[in-house]
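# Inside the fold
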Amino acid sequence: MAKKHDRVLGRRAFLASGAAFLSAPALAQTDGTTEVERDIDETVVRNISSFRALDWRPYFSNTNNGAILVDVTSRALHYWSEDQSLYKLYPSSVPLTDDLTRRGRTKVVRKVEGPSWAPTPAMKKRNPEWPDYVPPGPDNPLGTHALYLSWTYYRIHGTHDTRKIGRRSSNGCIGLYNEHIAELFAMAKVGTQVLLI
């Protein structure tokens, strides 16, 4: 009888320790979930705890022309259609540092499918080995589509390097998976409001 009791306790102890082990990642999400990653090959601590649906009202007075909210901390882009019938939430890449991060209100001023890319003067100064121009295609850092903002050099664009999404990895722009930017590109229009927080 004692052996059966020990075996039941052993099974219970095993199950309890397994449950504690499985719950550990949920606890880990609250500590150190956002950090600057400099090397794209580094191990990444994802910030999934902040990746949640939001209401547009705290951020915009209306949704005229649609509204895009980029939350740099949670690395998420939110989109609301003008009539509020559509809401989309996308993971994004964000600027590497606070110096490269611009916050505030802007708007979409141009839409380009198959964008070309040229480094900004500041980027070229930091990285003189970079090319002066990259045509549209698989080597282009802007991916398949780009929404140009009223701020000079700032874009919401796609990326062919999917490792960048969910990370601090850009020189100022907001990056999305190519399939997500294609979807957003079809919904957003010139004049869509944009807020970076």
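Preceding block: the structure.
As the structure is a computational prediction, the values presented were derived from the model and not from experiment.

### Concerning the packing of aromatic side chains
Going through the model one piece at a time under the given rule, you end up with four aromatic pairs. Between W151 and Y154 the ring centres are 5.7 Å apart and the planes differ by 80°, which places this aromatic pair in the edge-to-face class. Note on accessibility: W151 and Y154 belong to one class, buried. Chaining the aromatic ring pairs together yields one cluster made of F60, W80 and Y87. Looking at R110, its charged tip hangs above the ring of Y148, at a distance of 4.5 Å from the centre. The ring of F185 is capped by K111, whose NZ or CZ atom sits 4.6 Å from the centre of that ring.

### A closer look at the environment of P95
If you trace the backbone, P95 turns up in strand β4 (residues 94-95). Sequence separation between P95 and V72 is 23 residues; the distance between their C-alpha atoms is 8.1 Å. For P95, the residues in contact, after removing those within four places along its chain, are L100, T101, R168, S169, S170, G172, C173 and I174.

### Looking at the pattern of salt bridges
In this structure the tally under the stated criterion is five salt bridges. Among the salt bridges present, the one from D132 reaches K124, with a minimum N-O distance of 3.0 Å. Relative accessible area serves as the criterion here: at 59%, D132 is assigned to the exposed category. Judged by relative accessible area, which is 23%, K124 ranks as partly exposed.

### Thoughts on the environment of P115
With respect to the helices and strands, P115 occurs in the loop between β5 (104-113) and α2 (121-126). Residue P115 is classed as buried on the basis of its relative accessible area, which comes to 0%. Sequence spacing of P115 and G158 is 43 residues, and the spatial spacing of their C-alpha atoms is 9.8 Å. Here P115 is in contact with P135, P136, N140, L142, G143, T144, H145, A146 and Y148, once residues within four sequence places are set aside.

### A short note on the nonpolar core
The nonpolar side chains of a soluble globular protein tend to be buried with one another. Counting 22 residues, the largest nonpolar core has I68, L77, L147, I156 and L184 as its most contacted members. Among the secondary structure elements, those contributing two or more residues to this core are β1 (67-71), β2 (76-80), β6 (145-149), β9 (174-177), α3 (178-187) and β10 (193-196). With four residues, the top contributor of residues to this core is α3. Among residues more than four places away in sequence, those in contact with I156 are I68, L77, H145, A146, L147, L149, I174, L176, I181, L184 and V194.

Procedures and definitions
Residues take numbers from 1 onward in each chain, read along the sequence in its written order. Restriction of local features to residues with pLDDT of at least 70 applies here, the model being predicted, together with a cutoff of 80 or more for giving and counting side-chain atom pairs; totals for whole chains, interfaces and linings are based on all residues. Excluding hydrogens and water, the side-chain values take into account all heavy atoms of the structure. Only Phe, Tyr and Trp rings are paired, with Trp represented by its six-membered ring, and only when their centres lie within 6.5 Å; those with planes under 30 degrees apart are stacked, over 60 edge-to-face, the remainder tilted. For each residue, the accessible area found with a 1.4 Å probe, counting protein chains only, is set against the maximum for its type, and the residue is called buried under 20%, exposed over 50%, and partly exposed in between. Note on criteria: charge over ring means Lys NZ or Arg CZ within 6 Å of the ring centre, with the direction from the centre no more than 35 degrees off the ring normal. Only DSSP runs of H or I reaching four residues or more are called helices, and only runs of E reaching two or more are called strands; each is numbered from the N terminus. Whether two residues touch is decided by their heavy atoms; if any such pair falls within 4.5 Å, the residues are in contact. By definition here, a salt bridge exists when the distance from a side-chain nitrogen of Lys or Arg to a carboxyl oxygen of Asp or Glu is within 4 Å. Definition of nonpolar core: a set of buried residues of the types Ala, Val, Leu, Ile, Met, Phe, Trp, Tyr and Cys, connected through side-chain atoms within 4.5 Å.

Without other data, these values stay purely geometric and don't point to any function.
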